[in-house]
Amino acid sequence: MRHIHQIAMTVLVAGAAAVLQSCGSSRAEEEEHEKAAAETSAHVVDAFPLKKEQLVSNIQIPGELIAFQQVDIYAKVSSFVKKLHVDVGSEVREGQLLATMEAPELTSQLVTSESRLKSFEAIYQASKANYERLLETSKTPGTVSQNDLDVALAKQRSDLAQLDAARSASREITDTRNYLEIRAPFSGIISARNVSTGAYVGPSGKGSEFPLFTLVEQRKLRLVVSVPEQYTSYLRNQSQVTFKVKSLPNLEFPAKVTRLAGALDARLRSQRTEMDVINTDRKLLPGMIAEVSIPLSGDAATFAVPKSAVLNSTQGTYVIKVVDKRAVWVPVKTGSSSTEKTEIFGDVKEGDVLVKVANEEIRDNSDLKNVKQETI
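Everything numeric here is computed off the predicted structure, so don't read it as measured data.

Q: Just checking my understanding: could you explain the overall build of the protein chain for this structure?
A: The helix and strand tally for the protein chain stands at three helices and 22 strands. The buried share of the protein chain, reckoned over its 376 residues, is 32%. Look at the contacts in the protein chain between residues 6 or more apart in sequence, and 75% of them connect residues 24 or more apart.

Structure, rendered in structure tokens:
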């Protein structure tokens, strides 16, 4: 019995060992298969065929909104402010009276000039009548000498010249006196007032340091942008742009290019570009800083690739081309970029297969055994 028991135990141990050996063998085989599959998937390189397309992107450039028209209004003649008809924030029309000035000496000069004008008119009328009588009398032979007639004509012409001079002097004083009424040169809004009633103002000296008013046109604005040299080719006359301002972040406003400087600023190396902005609702104010979005429409004859396909290494900028299952580094230059793609220029042509995710682990002239090509 004891011998039979030992035989049974031996059989049981051998069976258990066989089962354990079988389990270990199958697990090792599974691990080898998983490792091989992982290595195979790790060596898969995604690639895509190169094709031409038009790349459309935008750049953001700061700009400034300024009034379409803005003028500082000064006094033409030395005078005192008699009455102000507007104040800061007043909306005025073209030709509207803004202020009335007072200069008593001009009133006296005007009265004097008018008196002199009437005097010269009377003198001229007398000399004219005298010449006409002599002329009529001279028709009878021997009554009036030719010399007397010439003297009378010369006197009439002299009096007429003095009358014209008096008229000119009177008109000059009248025009100067009209400057005592300050009127708006265009429709707009008063943004500043620097004087009060009774203040002395003049064209020079004390009282002329600051303008009486500052008038700005608010219903039409200029959007001024300095466009860097790199992007000047994308903007032409009548090009459409959009912009935003910080005070109204949820609104986007349109604008149209109307004026191009045609030359680069020597200091900034940028071109001054102006857009007209219609502001009838007056939501925008002169002086606001705008963020201008300028569309960049790329040339249709260029190549646009995913940004991940461009390798920026210490040696330069490259794309990796697949040639006969080998990696070839091709040096390129980049152009404009969008959110996902960028333009490339170099020794590439349509139909070339490029690696979608370029990195330095894919060495130049290395083997690419498992290339998965897809269309982007």
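Q: Looking at this structure, I do not really get the sheet that holds strand S8 (residues 188–193). What am I missing?
A: By way of backbone hydrogen bonds, the strands of a sheet pair with one another, either parallel or antiparallel. Pairing is antiparallel across the open sheet formed by four strands, whose spatial order is S3-S10-S8-S5. At either end of the open sheet lies a strand with only one pairing partner, and these are strand S3 (70–73) and strand S5 (91–92). One ladder, built from four bridges, connects S8 with strand S10 (residues 213–216); its direction is antiparallel. Bridge assignment links Arg193 to a residue of S10, and that residue is Phe213.

Q: What is the right way to look at the environment of Arg272 in this model?
A: When you line up the elements, Arg272 lands in strand S14 (residues 270–278). Arg272 gets classed as partly exposed once you look at its relative accessible area, which sits at 43%. Sequence-wise, Arg272 and Val225 are 47 residues apart; in three dimensions their C-alpha atoms are separated by 5.9 Å. With residues up to four places along the chain from it excluded, the contact list for Arg272 reads Ile66, Val224, Val225, Arg259, Leu260 and Ala261. At 3.0 Å, the side chain of Arg272 forms a polar contact with the side chain of Glu274.

Q: Whenever I open this one, unusual backbone geometry confuses me. Can you help?
A: Generally, phi is negative for residues other than glycine and the peptide bonds are trans, each holding for most cases. With phi around 75°, Gln238 is a residue other than glycine that occupies positive phi space. With respect to the element layout, Gln238 can be found in the loop between strand S11 (220–228) and strand S12 (240–245). Of note in the backbone geometry, Asn365 takes a positive phi value of approximately 70° without being a glycine. Inspection of the secondary structure assignment puts Asn365 in the loop between strand S21 (353–355) and strand S22 (370–373).

Q: What is the right way to read the sheet that holds strand S7 (residues 181–183) from this model?
A: The strand order across the open sheet formed by four strands is S7-S6-S4-S9, and the pairing between neighbours is antiparallel. Either end of the sheet is taken by a strand with one partner, and the two such strands are S7 and strand S9 (200–201).

Q: Just checking my understanding: could you explain the packing of helix H2 (residues 104–137) against helix H3 (residues 146–178) for this structure?
A: When two helices pack together, their arrangement is given by the angle between the helix axes and the distance between those axes. Between H2 and H3, whose axes approach to 8 Å, the crossing angle comes to 160°. By the criterion of interaxial angle, the relationship of H2 to H3 is roughly antiparallel. The crossing of H2 and H3 is left-handed. When the residues that make up the contact of H2 with H3 are grouped by side-chain class, the tally is 16 nonpolar, ten polar and eight charged.

Q: I tried to follow the packing of aromatic side chains on my own but got confused; where do I start?
A: Given two aromatic rings, their pairing is described by the distance between the two centres and the angle made by the two planes. Under the criterion given, the structure shown has three aromatic pairs. Taking 5.5 Å as the distance between ring centres and 25° as the angle between the ring planes, the aromatic pair formed by Phe243 and Phe253 counts as stacked. Taken together, the positions of Phe243 in strand S12 and Phe253 in strand S13 (residues 248–264) put the pair ten residues apart, joining distant regions of the chain. By relative accessible area, Phe243 is classed as buried at 1%.

Thresholds, definitions, all that
- Residues numbered from 1 in each chain as written.
- Predicted model: local features only at pLDDT ≥ 70, side-chain atom pairs only at ≥ 80, totals over all residues.
- Heavy atoms only, no water.
- Helix = DSSP H or I, 4+ residues; strand = E, 2+ residues; numbered from the N terminus.
- Buried < 20%, exposed > 50% of the residue type's maximum accessible area, 1.4 Å probe, protein only.
- Contact = heavy atoms within 4.5 Å.
- Pairing = 2+ DSSP bridges.
- Polar contact = N/O pair within 3.5 Å; in protein donor to acceptor, adjacent residues only side chain to side chain.
- Axes fitted to C-alpha atoms, helices over the stretch in contact; angles between N-to-C directions.
- Parallel < 35°, antiparallel > 145°, perpendicular 65-115°, else oblique.
- Left-handed = near helix turned anticlockwise from the far one by under 90°.
- Nonpolar A, V, L, I, M, F, W, Y, C, P; charged D, E, K, R; others polar.
- Phe/Tyr/Trp six-rings, centres within 6.5 Å; stacked < 30°, edge-to-face > 60°.

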